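Residues per chain are reported as follows:
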Amino acid sequence: MTVVDTRWRVTVDRDACIGTGVCAGAAPRQIEIRAGKASVLAAQTGPDEAVIDAADMCPMSAITVRDATSGTLLAPAE
Amino acid sequence: MTIDQEIRDYPFRESPGIDIDPTYKLLRSTEPLARVQLPYGEVSWLVTRYEDVKTVLTDPRFSRAAAQGRDQPRTRAEMTYEGIIGLDPPDHTRLRKLAGKALTARRVNEMREGAQRVADEYVDEMIAKGSPGDLVELFALPYPTTVICELLGVPFEDRAQFRIWTQGLTSTSEQLTGYIEQLFDYMGKLVAQRREHPTDDLLGALVKARDEDDRLTEQELLGIAGVGLLLTGVETVSTHIPNFVYALLTHPELMAQLRADRSLMPAAVEELLRMIPLNPAAMFPRYAVADVTLSGTTVRAGEPVLVSLPGANRDPKVFENPETFDFTRRQNPHVAFGHGSHHCLGAQLARMEFQVALHTLLDRFPELRLAHGDEGVSWKSGLLVRGPNRLLVAW
């Protein structure tokens, strides 16, 4: 039996972040606004479309989602 | 709700000019969860503290979708057309992503030169017509209208039509539904043209998202393009430009400071946004879907909560000297554009438009002033936005 345990790494560029909270609205299980800036609740997360949405919706392109193992960029899409 | 708590009539009495009603300050310190009765709809909570406002706008236990079908607290009999602001994630996310891609900071920065050209053209026309003139008609309305038309791909020549619809949507008009239908018909024709001849403007991109990827319905497409982008984009910026200019002209020390150091412009725009309310009353109540305690009072599941953005923006726990304009604030985390999922989709565009507009007016009119003092200024009487509908300036 093979177990595929894909993990994603979500990072916030705190210099770019202006704290709109759009990301926290899209991905409340993974991202919150702390002291006026977006913060990830855990360094890694299981695959969840919500964090892709959060990264795609950030007006400042401050959120990045990568495959934790390979480092492949998953979002934002450009 | 606490049974013996006073129910206040809301909106509070209209404050003159760009001021806000002192009741917000009183409530923030003594009654952070106030009970209010609007002209229509059920009794609501009103929150005025920064932290509570942010909680209501981000906590998933407060829902916009749950407001649908309820007798929402509101300022006129008919329900406001809601579209995207009536949705919660993930439905909301699907729609927001489609338009949001065109309005990121990077994309907006690419539009700055075009906006500058548009602003200069209207100032050229003002100068050709001669001083004095009405800044609203000559600049504040046509400038953002042109910027949005170019972004969306809507013919500027049709602006007289959609101006009527905008005024209908932002007044107490009984014809709201009729205006929405006319606007949808109009957008429908532009969409049909794009199906014949695809375009690379934002409307073309939305049509492509609908037809090729089935990512939104026809009604959603017409709503987000017509109401969400066209009408909202024009009404907000065209209202705040005269507000901001009025604030500078009636605070000569601020005008002098900005003229002396133009690098203050981005911070000045943020401070003008923080201090000057766009709406005369809180709108779009969130409905609690579970019991939630805010500032020591429990909001029960099923109850509506209105948030006051101007109230939050003057919270002394967050802003030093909150009632004073200060273009040198180091931190200005205001919530003029809202917060959370429904944070203004066009915020970056609006910021850029304000900065370009004010730079241009300061550059081109070194002696800009009110032409007849407050006699030359009249104010909108509608219920959705507040600002001058006439601002006579001389130069």
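All of these numbers come straight from a predicted model, not from anything done at the bench. (Residues numbered from 1 in each chain as written. Chains lettered and ligands numbered in written order. Predicted model: local features only at pLDDT ≥ 70, side-chain atom pairs only at ≥ 80, totals over all residues.)

### Side note on the overall build of chain A
At step 1: Counting secondary structure elements, chain A contains two helices and six strands.
At step 2: Listing each helix as α and each strand as β along chain A from the N terminus yields β-α-β-β-β-α-β-β.
At step 3: By the compact-globule yardstick of 12 Å for 78 residues, chain A fits well, its C-alpha radius of gyration being 12 Å.
At step 4: With the C-alpha coordinates aligned to their principal axes, the bounding extent of chain A is approximately 45 × 25 × 20 Å.
At step 5: Looking at chain A as a whole, 37% of its 78 residues qualify as buried.
At step 6: For chain A, contacts bridging at least 24 residues in sequence account for 52% of all contacts bridging at least 6. (Helix = DSSP H or I, 4+ residues; strand = E, 2+ residues; numbered from the N terminus. Rg over C-alpha atoms; globule rule 2.2 N^0.38 Å. Buried ≥ 20, exposed ≤ 12 C-beta atoms within 10 Å, placed from the backbone. Contact = placed C-beta atoms within 7 Å.)

### Structural notes on the overall build of chain B
At step 1: A count of helices and strands for chain B gives 15 helices and 12 strands.
At step 2: Relative to the compact-globule value of 21 Å for 395 residues, chain B shows a C-alpha radius of gyration of 21 Å, a close match.
At step 3: Dimensions along the principal axes, computed over C-alpha positions, put chain B at roughly 65 × 55 × 40 Å.
At step 4: The 395 residues of chain B split such that 46% are buried.
At step 5: For chain B, contacts bridging at least 24 residues in sequence account for 71% of all contacts bridging at least 6.

### Examining the sheet that holds strand S6 (residues 73-75) of chain A
All names here are of chain A.
At step 1: What the four strands build is an open sheet, ordered S4-S1-S5-S6; its pairing is antiparallel. The open sheet is flanked by strand S4 (44-45) and S6, the only strands paired with a single partner.
At step 2: Alignment of strand S1 (residues 8-12) against S4, held across two bridges, turns out to be antiparallel. Each residue of the ladder has a partner; that of Trp8, found in S4, is Thr45. (Pairing = 2+ DSSP bridges.)

### Here we look at the pairing of strand S2 (residues 31-34) of chain A
At step 1: Only one face of S2(A) is buried, namely the one carrying Ile31(A) and Ile33(A), since none of Glu32(A) and Arg34(A) on the opposite face is buried.
At step 2: Taken together, S2(A) and the strand that follows it, strand S3 (residues 37-40) of chain A, pair antiparallel across an intervening segment of two residues, in which Ala35(A) is found at a positive phi of about 50 degrees.

### Details of the interface of chain B and chain A
By convention, interface size is frequently given as the accessible area that disappears when the constituent parts associate.
At step 1: Contact with chain B, which involves 19 residues of that partner, is made by 16 residues of chain A.
At step 2: Elements represented by at least two residues in the side of chain B that touches chain A include exactly helix H2 (50-58), helix H3 (91-100), helix H4 (105-110) and helix H15 (347-364) of chain B.
At step 3: If you tally residues by element for the side of chain B that touches chain A, the top one is H3(B), at four residues.
At step 4: Class assignment for the residues of the side of chain B that touches chain A results in seven nonpolar, nine polar and three charged. (Nonpolar A, V, L, I, M, F, W, Y, C, P; charged D, E, K, R; others polar.)

### Observations concerning the packing of helix H2 (residues 49-57) of chain A against H3(B)
At step 1: Look at H2(A) against H3(B): their axes get within 9 Å of each other, and the N-to-C directions meet at 30 degrees. What the angle tells us is that H2(A) and H3(B) run roughly parallel. You can see that H2(A) and H3(B) cross each other, and the crossing is left-handed. Two secondary-structure elements touch here, H2(A) through Asp53(A), Asp56(A) and Met57(A) and H3(B) through Thr93(B), Arg96(B), Lys97(B) and Gly100(B).
At step 2: Here the residues of the contact of H2(A) with H3(B) are counted per class, giving one nonpolar, two polar and four charged. (Axes fitted to C-alpha atoms, helices over the stretch in contact; angles between N-to-C directions. Parallel < 35°, antiparallel > 145°, perpendicular 65-115°, else oblique. Left-handed = near helix turned anticlockwise from the far one by under 90°.)

### What about H2(B)?
Residue and element names in this part refer to chain B.
At step 1: Burial analysis of H2 places seven of its nine residues in the buried class, which makes it a mostly covered element.
At step 2: Considered for burial, the residues of H2 that qualify are Tyr50, Asp52, Val53, Lys54, Thr55, Val56 and Leu57.
At step 3: For H2, the secondary structure elements touched by its buried residues are strand S3 (44-47), strand S4 (62-63), strand S6 (286-288), strand S7 (292-294), strand S9 (304-307) and helix H14 (309-312).

### Here's the deal with helix H8 (residues 159-169) of chain B
All names here are of chain B.
At step 1: The complete set of buried residues in H8 reads Phe162, Trp165, Thr166, Gly168 and Leu169. Along the long axis of H8, the arc covered by the buried residues comes to 160 degrees, so they all point the same way.
At step 2: Where H8 is buried, its residues touch helix H9 (176-196) and helix H11 (218-250). (Arc of directions from axis to C-beta.)

### Topic: the sheet that holds strand S2 (residues 33-37) of chain B
Residues and elements named next belong to chain B.
At step 1: Here we have six strands laid out as an open sheet, ordered S1-S2-S3-S9-S6-S4, and mixed in their pairing. The open sheet has two edge strands with one neighbour each: strand S1 (7-9) and S4.
At step 2: One ladder, built from two bridges, connects S4 with S6; its direction is antiparallel. By the bridge assignment, Phe62 is partnered in S6 with Ala288.
At step 3: Strand contacts of H2: S3, S4, S6 and S9, with the helix running at about 125 degrees to S9, the strand carrying the most contacts.

### Points about the environment of Val43(B)
Residues and elements named next belong to chain B.
At step 1: Secondary-structure assignment places Val43 in the loop between S2 and S3.
At step 2: Here the alpha-carbon distance between Val43 and Arg369, two residues 326 residues apart in the chain, equals 44 Å.
At step 3: Residues in contact with Val43, not counting those within four places in the same chain, are Ile7, Arg35 and Gln37.

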